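A closer look at the structure
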Amino acid sequence: MLSRYVLRNIAMANHLSRMSRSFSASTVALDKCYELRTYAVLPGAFPEYVSLTKEMMHLRIAHSKLIGYWLADLGALNQAVHIWEYDNFTHRKKVRANLASDQNWLDSYASKMTKMLAYQDNSTMKQMPWSSIESQPRKEAGIYELKEMIMKPVGPHVWGDVMQRSVLTQAAAHEKRNYGKLMGAWMGDFGKSSSFYQLWNFESLDHRIAQKAEIESLPEVRETGAAVEKFMTEHVTSKALLPMPFSPLQ
């Protein structure tokens, strides 16, 4: 007679296997480059920044693929967070060169926008091989959470398997209950090279808080999460994000 513990682990392993196959069936382009940009806007200029960006961002989107563009609601103030996709670093270099010679972009947006910023930050990321980048959120007009975990500098070849199990266990628990949705997972490359990023979508902040507490109380989530902790530093950040109207992810 198998114990409940063994049966639960068998069921979870089967569920994770199905999720992994689902991710594999999705488009997972491991050679692509993803750039995470964070702009800290001067507080007094924030309304103008938002208005100008809504009006002119189509000029930037014409040059390369935008994954999502958000304004921070919690976890940061007066910040814009955006993720861009490139075929590779050569493609990114070409796009940046084209932007630098696009006079309409420079005059209508870039030259005005940069004066509104306190600072700019960027990092490149590599998509995790077991995670697809979803195009359909759980709930449009909901909220997004960008979670950053800084790992010990040993590399994903050491902690990758336990991270995969931990994140997919959480994603499976959310999926089963129709709660939040994992939208993508990346490893930092240039910039914050030891960072691991997760992007989640929830119906609302209140739903996220209640659902997070329930999911994190599950034995399988606690078990897989504990396996990840030994590879983590104490630095974990989370931002609640609201999508801009032009963002592909709504």
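**With respect to the pattern of salt bridges**
One pass over the structure, following the stated rule, counts 10 salt bridges. Two residues, Lys65 and Glu85, come together in a salt bridge whose shortest N-O distance is 3.8 Å. Of this pair, Lys65 sits in strand β2 (residues 65-74) while Glu85 sits in strand β3 (residues 79-86), placing them 20 residues apart in sequence. Across the salt bridge formed by Arg177 and Glu214, the nearest N and O atoms sit 3.3 Å from each other. On the criterion of sequence distance, the pair formed by Arg177 in helix α5 (residues 156-177) and Glu214 in helix α6 (residues 205-216) is long-range, its members being 37 residues apart. A residue is classified by how much of its surface remains accessible, and Arg177, at 26% relative accessible area, is partly exposed. Among the ionic contacts, a cluster of salt bridges with common partners joins Lys32, Lys65, Glu85 and Asp87.

**Examining the packing of aromatic side chains**
All chains considered together, the criterion is met by eight aromatic pairs. With centroids separated by 5.6 Å and ring planes inclined at 55°, the aromatic side chains of Trp70 and Tyr144 adopt a geometry described as tilted. In this pair, Trp70 sits in strand β2 while Tyr144 sits in strand β5 (residues 143-151), placing the two residues 74 residues apart along the sequence. For the pair Trp70 and Tyr144, one class covers both residues: buried. Centre to centre, the rings of Phe89 and Phe190 are 5.6 Å apart; their planes meet at 90°, and the pair counts as edge-to-face. Within this pair, whereas Phe89 is found in helix α3 (residues 89-100), its partner Phe190 is found in the loop between β6 (181-188) and β7 (195-202), the two being separated by 101 residues in sequence. Among the residues examined, Phe89 registers a relative accessible area of 33% and is labelled partly exposed. For Phe190, a relative accessible area of 52% puts it in the exposed group.

**Remarks on the side chain of His82**
Along the chain, His82 falls in strand β3. Discounting residues that sit within four places of it in the chain, His82 has contacts with Glu35, Leu36, Arg37, Tyr39, Leu66, Gly68, Tyr69 and Trp70.

**Quick word on the confidence of the model for the protein**
Considering every residue of the protein, the mean pLDDT works out to 90; 88% of them sit at 70 or more. In this model residues 1-13 is a low-confidence stretch, pLDDT under 50, and it forms 11 contacts with partners more than four residues away in sequence or in other chains. In this model residues 21-26 is a low-confidence stretch, pLDDT under 50, and it forms eight contacts with partners more than four residues away in sequence or in other chains.

**So, the packing of α5 against helix α7 (residues 219-229)**
Here α5 crosses α7 at 150°, and the two axes come no closer than 8 Å. As judged from the angle between their axes, α5 and α7 are roughly antiparallel. Taken as a pair, α5 and α7 cross one another with a handedness that is left-handed. Only Glu220, Val221, Thr224, Gly225, Ala227 and Val228 of α7 make contact with α5, whose side of the interface consists of Val162, Met163, Arg165, Ser166, Thr169 and Gln170. Its residues assigned to classes, the contact of α5 with α7 comprises five nonpolar, five polar and two charged.

What counts as what
Residues numbered from 1 in each chain as written. Predicted model: local features only at pLDDT ≥ 70, side-chain atom pairs only at ≥ 80, totals over all residues. Heavy atoms only, no water. Salt bridge = Lys/Arg side-chain N within 4 Å of Asp/Glu carboxyl O. Helix = DSSP H or I, 4+ residues; strand = E, 2+ residues; numbered from the N terminus. Buried < 20%, exposed > 50% of the residue type's maximum accessible area, 1.4 Å probe, protein only. Phe/Tyr/Trp six-rings, centres within 6.5 Å; stacked < 30°, edge-to-face > 60°. Contact = heavy atoms within 4.5 Å. pLDDT = per-residue confidence, 0-100. Axes fitted to C-alpha atoms, helices over the stretch in contact; angles between N-to-C directions. Parallel < 35°, antiparallel > 145°, perpendicular 65-115°, else oblique. Left-handed = near helix turned anticlockwise from the far one by under 90°. Nonpolar A, V, L, I, M, F, W, Y, C, P; charged D, E, K, R; others polar.

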